[in-house]
Amino acid sequence: MSRLLEQAPQVLAAGVDLFAEAIEAQGTTVQRVEWRPPMTGCEADLARVMSDRRRVGANLEALQRIVSTDAELIDVLPAGEVLGLAGNDFLHAGPPIGWDRASGPLRGALLGAAALEGLVAEPKDAEALFASGTGYTLEPCHHHGAVGPMAGVISASMWVFVVADPATGRRTYCTLNEGLGKVLRYGAYGPEVLSRLRWMSDVLAPLLQTAVRARGPVDLRAILAQMVQMGDEAHNRNRAGTLMLLRELLPAMVESGAPSSQVAEAVRFVSANDHFFLNLAMPACKLTLDSARGIAGSTIVVAMARNGTDFGIQTAGTGDEWFTGPAQLAEGLFLGSYGPEDANPDIGDSAITETAGLGGFAMAAAPAIVRFVGGQVSDALNASRRMYEITIGEHPMYAIPILDFRGTPTGIDVTKVVRTQILPQINTGMAGKQAGVGQVGAGLVTPPAEVFPKALAALAHLVR
Amino acid sequence: MSVERVSVRRGLYQDSVTLMQLSRDVGASTGVTAALVAMATDLNLDVLTAMGFQVPADLDSANELLIAIRADSAAAADLGLARADELLAAPRRTPAAGAGSAPQPRTIGSLVRTSGSGLALISVPGQHAFTEAMDALESDCDVLIFSDNVSVQQEIDLKEVAAERGRLVMGPDCGTAVVGGIGLGFAHTLDAGPVGLVAASGTGAQQVLCLLDAAGVGITAALGVGGRDLSEAVAGRSSIAAIRMLDDDPATELILVVSKPPADAIGRQLRELAGQLRTPVQFALLGPGEPDLTAATEQALARLGRGVPSWPSWIADGRPARAGGALRGLFCGGTLCDEAMLIASAELGAVYSNTPLRSDWTLDESLRADGHYMIDFGDDALTRGRPHPMIDPSLRTRYLQAALDDARSAVILLDVVLGHGAHSDPVAELLPLVENSAVPVVVSVIGARRDPQSLNESASRLHRAGASAFTSNAAAARHALALIRKADA
């Protein structure tokens, strides 16, 4: 019950300063909101969604599921076997897209994957196949319980991590990380790219499979919780996470019976690739977010993903529908002589980390990342603080030391994004826009603003 | 020759009150003859066109800010433009967040997460008020919605959620409230005392509170519920909640409900509720055949066993009313306008208005008529896109000049509302007009003894300028009628 008459209330004010000033003139402190109008043209949809009596409960349920779902690495298996992919089935990052609208890096990765699967002798030869539109399938990773960084291409002979929720047995999947520079996920498909992928399938993945099976499930959220306290945000910085994974698997790798040269080669590869853990952070995030799908009335975002052309989001309350807009160019630092004109628009499923309260949302835990845009440490702190404005809760496991161990901002609420006009902050790598180039830089990016009003309109339409 | 500059700024948002002040400052720059600094809403674009400016072609959203300046030289126009930019760039009251401090919260929900819940005061533009208010309720706040232009269905939705969560929604369009000794909205500094007020009418409540203050009687709280609360549709949801809260409050000895007459079913329900409470409830329902607010206040004082003072007045003995003319009332307070119309129409018959007592007494858009008329400048239709006349009385002043120039005006009736939130000196703008008036000007001055503008000073200045001033709005209306009676006798 209201205690309005029992004690002088704390006054909170949104709107014209005049009334707050009139109260302050009476010697009472007023806490003010820096209110500004919502995104243009959204008033009616906002009011409709705000009037939905299911929303508060639905969002709390979504948040509860997201933060309480466990994620364990339980196996490493060939994608063909575990995802049922034939040699001419390909998965890609982001919302659905065909070859005709595919960006350079996605095309490059597909060409490389076609050669890897033996459909063509040379990657270039696959262009005709893909352009023909027949004789292959191309579907989003997200539609198969999987996620892929950058181009996100998964084909049958690639191996994937299998991540599971022990309570329900639900699973998600992600390929093994190839490292930086000229790699398939950035659209490179040269001979060294393909021979690395073959080595990963022939040596690295089977060795990891043996190790995981011998050791037993690896609790990925425990690693995520620790790495956030060690300077990683689990998207552009996974250094501590990668080393902690190695710590978990190394004894079993050594004891696997594989030749020591192979073990050494595998360990050298993983420990030299600071991003190796990204491909475990991503399926772990997807697993927890998928638990919130299909909650009627919930306005929480359960996926943000890009295919290099479109940026798409999905919400808990709108089923499998994607709300898309043009992918943006990241701002950041470039490798070597590359510049902004070489970069492809935003690409990859890795924004699933931000969706789950990591990546850009945990920026305050990883101040090193702000140097990608020439920022200062205070920018990193404020980036995370700003994200609390658009999320409904804080992650109880992922605590940011410098913010007094406040949990990372978790559960992006479409209504809050539209109201505040604050867009989710995403940390990302940049692919070259020409197929075959590979990585050109890394930086910060946001979704196109229009995807949130689109999602809001769909949510408003579903209010009874 | 005249030079015009129209310029668009993106990514800047300021509320309309701030921009009105800013327009005035820029307009006062040397050589500037007209200035408008405003958000590019449809309404403001109309204003821009009406001022003779061209609407810029490159506008693409109402969230852009317009600066339009007309000056007598190019240099003066540029200086005016520079002045506008300088004022827009001036630091706001809240300091910018440094490295160590968090960014300012953007929503009530976000503020509550760091500061805890409380009483949320919502004064954002009406089309956004529902969203902010719902957020506040969901964050376990009581809510006062000053904004108007909130739909009935939204009001019902908010009040239903409030009932489920055990919270109170004051408003929408709640002009005044006093809680914990703090005046909210248009409010007065009042003593603590035995009366708990529930008010569906802002200025009506202010009249009652100020009369109680003049009688030396204080209050526990004044809870506004919004003008539509006692309608059939809203069904007294907030009034019932407020009455119950006051009944639970041990310091409240008398509950006074100030409202227009409620819908029949709701009136019955309230009386039934009143019969079940520990605390006596008195209704001050302003309507035909009901006592006026002053009489209702006197009844309340009697019920508390307190004496009724003679209500302060400052009566001018000068000008007679113009024989054969009509009464013209120009009000900032809606309930004050209603009360004056009820009193006047009982004697004069038809009183035309933008908020008429009967639909066949409706004023057309010119807001003028040959016969008796009274205008409520605080009505929704006249406040869309501009501040309430209690904050910025310039629109009323314009119409006052027109009424003074009108040879058919017999007597002018005005209100002046003092207190927190109101204009810092509302009398000043009236004085030159009162001084030059050919007909009597009668003013009800609604203020409490400790209001920042000084009740006594405000009334005395009006009196010295030749007006009659009353602390009772009903007494002011009756005085105006007496002047007309005398002139026409």
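The residue numbers shown here count from 1 along each chain, following its written sequence. By the order in which they are written, chains take letters starting at A while ligands take numbers starting at 1. Reporting of local features is limited, given that this is a predicted model, to residues whose pLDDT is at least 70; pairs of side-chain atoms are given and counted only at 80 or more, and all residues count toward the totals for whole chains, interfaces and linings.

K.L.:
Hey, could you go over the overall build of chain A for me, with residue numbers and the actual values?
P.N.:
Scanning chain A from terminus to terminus reveals 15 helices and 17 strands. Throughout, radius of gyration means the C-alpha value; the globule benchmark is 2.2 Å times the number of residues raised to the power 0.38. Against the 2.2 N^0.38 benchmark of 23 Å for 464 residues, chain A shows a C-alpha radius of gyration of 23 Å, consistent with a compact globule. For chain A, the C-alpha atoms occupy an extent of roughly 80 × 50 × 45 Å along the three principal directions. For chain A, the proportion of its 464 residues judged to be buried stands at 58%. The contact rule is simple: place each C-beta atom from the backbone, and if two of them lie within 7 Å, those residues are in contact. Across chain A, every contact between residues at least 6 apart in sequence was considered, and the portion connecting residues at least 24 apart equals 73%. Secondary structure elements are taken from DSSP: a helix is a run of H or I of four residues or more, a strand is a run of E of two residues or more, and numbering for both begins at the N terminus. The burial label depends on the number of other C-beta atoms within 10 Å of a residue's C-beta. Counts of 20 or more mean buried, 12 or fewer mean exposed, and intermediate counts mean partly exposed, with C-beta atoms placed from the backbone.

K.L.:
Give a description of the overall build of chain B that names residues and reports values.
P.N.:
Regarding its fold elements, chain B presents 16 helices and 19 strands. At 24 Å, chain B has a C-alpha radius of gyration in line with the 23 Å of a compact globule built from 489 residues. For chain B, buried positions account for 51% of its 489 residues. In chain B, once contacts between residues fewer than 6 apart in sequence are set aside, the share between residues at least 24 apart is 72%.

K.L.:
Please give an account of the sheet that holds strand β2 (residues 32–39) of chain B that cites residues and values.
P.N.:
Residues and elements named next belong to chain B. Overall, antiparallel pairing links the three strands, which are arranged β1-β3-β2 in an open sheet. Two strands bound the open sheet, and with one partner strand each, they are β1 (3–9) and β2. Within the sheet, the average angular offset between the axes of one strand and its neighbour, ignoring direction, is 10°. Looking at chain direction, β1 and strand β3 (residues 65–71) are connected through seven bridges and run antiparallel. Opposite E4, over in β3, you have R70 as the bridge partner. For every element, the axis is a line fit to its C-alpha atoms; helices are fit only across the contacting stretch, and the angle between N-to-C directions ranges from 0 to 180 degrees. Its contacts with the sheet put helix α2 (residues 42–50) on β2 and β3, and the angle it makes with β2 is roughly 165°. Sitting on the sheet, helix α3 (residues 74–89) is in contact with β1, β2 and β3, with an inclination near 150° to β3. For two strands to pair, DSSP has to find at least two bridges joining them.

K.L.:
So what's going on with the interface of chain A and chain B? Residues and values would help.
P.N.:
Note: interface size is frequently given as the accessible area lost on complex formation between the parts. Between chain A and chain B, the residue contacts involve 47 residues of the former and 61 residues of the latter. The residue inventory of the side of chain A that touches chain B, partitioned by class, reads 25 nonpolar, 12 polar and 10 charged. By the bridge criterion, five bridges tie strand β1 (residues 11–15) of chain A to strand β4 (residues 119–123) of chain B in an arrangement that is parallel. Following the sheet pairing, L12 of chain A is matched in β4 of chain B by A120 of chain B. Classification convention: Asp, Glu, Lys, Arg as charged; Ala, Val, Leu, Ile, Met, Phe, Trp, Tyr, Cys, Pro as nonpolar; all other residues, Gly among them, as polar.

K.L.:
Residue-level account of the nonpolar core, with values.
P.N.:
Counting 288 residues, the largest nonpolar core has I122 and L197 of chain B as its most contacted members. The element that contributes the greatest number of residues to this core is helix α7 (residues 191–215) of chain A, accounting for nine residues. Among residues more than four places away in sequence, those in contact with I122 of chain B are A14 and G15 of chain A together with A129, E132, A133, A136, V143, L144, I145, F146 and S147 of chain B. Among the nonpolar cores identified, the runner-up in size contains 19 residues, and L19, L65, A77 and L81 of chain B belong to it. Nonpolar cores are identified as sets of buried Ala, Val, Leu, Ile, Met, Phe, Trp, Tyr and Cys residues joined via C-beta atoms within 7 Å.

K.L.:
Please provide a residue-by-residue account of unusual backbone geometry, values included.
P.N.:
Glycine aside, residues mostly have negative phi angles, and peptide bonds mostly take the trans form. A cis amide bond links G171 of chain B with the next residue in sequence, P172 of chain B, at an omega value of 5°. Along the polypeptide, P172 of chain B turns up in the loop between β6 (169–170) and β7 (176–179). Backbone geometry places D404 of chain A, a non-glycine residue, at a positive phi of 60°. With respect to the helices and strands, D404 of chain A occurs in the loop between β14 (391–400) and β15 (406–412). Judged by local crowding, D404 of chain A falls into the exposed class, with 7 C-beta atoms found within 10 Å.

K.L.:
Provide a residue-level description of the confidence of the model for chain B, including the pertinent values.
P.N.:
For chain B, per-residue confidence averages 91 on the pLDDT scale, and 97% of positions sit at 70 or higher. Listed scores for the predicted complex are pTM 0.85 and ipTM 0.91. pLDDT runs from 0 to 100 and stands for how confident the predictor is about each residue.

K.L.:
An account of the domain arrangement of chain B is needed here, citing residue identities and associated values.
P.N.:
Domain extents, as shown, originate in an automatic or database domain assignment. Partitioning chain B into structural domains gives domain 1 (3–89), domain 2 (108–303) and domain 3 (313–488). Using C-alpha coordinates to define each centre, domain 1 of chain B is positioned 39 Å away from domain 2 of chain B.

K.L.:
Please provide a residue-by-residue account of the packing of helix α7 (residues 202–214) of chain B against helix α11 (residues 334–348) of chain B, values included.
P.N.:
Residue and element names in this part refer to chain B. Relative orientation of the contacting elements α7 and α11 amounts to 80°, with a least axis distance of 5 Å. The angle between the axes of α7 and α11 places the two elements in the roughly perpendicular class. Between α7 and α11, the contacting residues are G202, T203, G204 and Q207 on the first element and G334, T335 and L336 on the second. Of the residues in the contact of α7 with α11, the class split is one nonpolar, six polar and no charged. Relative orientations are named as follows: roughly parallel for angles under 35 degrees, roughly antiparallel for angles over 145 degrees, roughly perpendicular for angles from 65 to 115 degrees, and oblique for any other angle.

K.L.:
Quick one: what's the story with the packing of α7 of chain A against helix α9 (residues 239–254) of chain A, residue by residue and with numbers?
P.N.:
All names here are of chain A. Put simply, α7 and α9 touch, their axes get as near as 8 Å, and they point 100° apart. Classed by the angle they form, the pair α7 and α9 counts as roughly perpendicular. Residues L207, L208, A211, V212, A214 and R215 of α7 lie in contact with α9, whose contacting residues are E248, L249, A252 and M253. Broken down by class, the residue content of the contact of α7 with α9 amounts to eight nonpolar, no polar and two charged.

K.L.:
Tell me what's going on with helix α10 (residues 293–303) of chain B, and back it up with residues and numbers.
P.N.:
Three or four residues apart is the spacing at which side chains of an α-helix point the same way, because the helix has 3.6 residues per turn. Residue and element names in this part refer to chain B. Among the residues of α10, those classed as buried are L293, T294, A296, T297, A300 and L301. Buried residues of α10, viewed axially, fall in a sector of 160°; they line one side. After α10 finishes, the residue G305 shows a positive phi value of roughly 75°. In this description, the arc belongs to the directions extending from the helix axis to the C-beta atoms.

K.L.:
How would you summarise the sheet that holds strand β11 (residues 323–326) of chain A if you had to cite specific residues and measurements?
P.N.:
Overall, antiparallel pairing links the four strands, which are arranged β11-β10-β9-β13 (chain A) in an open sheet. Strand pairing shows two members of the sheet lacking a second neighbour, β11 and β13 (347–348) of chain A, which therefore form its edges.

K.L.:
Break down helix α15 (residues 451–461) of chain A for me, citing the residues and quoting the values.
P.N.:
Of the positions making up α15 of chain A, those classed as buried are V451, F452, P453, A455, L456 and L459 of chain A. The elements touched by buried residues of α15 of chain A are α2 (43–50), β10 (310–315), β11 and α14 (414–420) of chain A.

K.L.:
Tell me what's going on with the environment of I343 of chain B, and back it up with residues and numbers.
P.N.:
Residues and elements named next belong to chain B. Inspection of the secondary structure puts I343 in helix α11. Residue classification places I343 among the buried positions, given that 20 C-beta atoms sit within 10 Å. What I343 contacts, discounting residues up to four positions off in sequence, is D292, A474, A477 and R478.

K.L.:
Could you give me a rundown of the domain arrangement of chain A, with the residues and numbers involved?
P.N.:
Considered domain by domain, chain A is made up of domain 1 (1–35), domain 2 (57–66 + 291–461) and domain 3 (71–282). Centre-to-centre, using C-alpha coordinates, domain 1 of chain A lies 34 Å away from domain 2 of chain A.

K.L.:
So what about the pairing of strand β16 (residues 426–431) of chain A? Which residues, and what values?
P.N.:
Residue and element names in this part refer to chain A. Within β16, six of the six residues are buried, which leaves it mostly tucked inside the rest of the structure. Alternating residues of β16 divide into I426, T428 and M430 and N427, G429 and A431, and every residue in both groups is buried. Bridge analysis of β16 against strand β17 (residues 439–445) gives six bridges, and the strand direction is antiparallel. Paired with G429 across the strands is A442, a residue of β17.

K.L.:
Explain the environment of W314 of chain B residue by residue, including any values.
P.N.:
By secondary structure assignment, the location of W314 of chain B is in strand β13 (residues 313–314). Expressed as a C-alpha distance, the spacing of W314 of chain B and S147 of chain B, which sit 167 residues apart in the sequence, is 35 Å.

K.L.:
Help me get a handle on the environment of Q209 of chain A, residues and values and all.
P.N.:
All names here are of chain A. Relative to the helices and strands, Q209 is located in helix α7. A count of 18 C-beta atoms within 10 Å places Q209 in the partly exposed class. Separated by 47 residues in sequence, Q209 and S256 place their C-alpha atoms 9.9 Å apart. Apart from the residues lying within four places of it in its own chain, the contact partners of Q209 are D75, V76 and L77.

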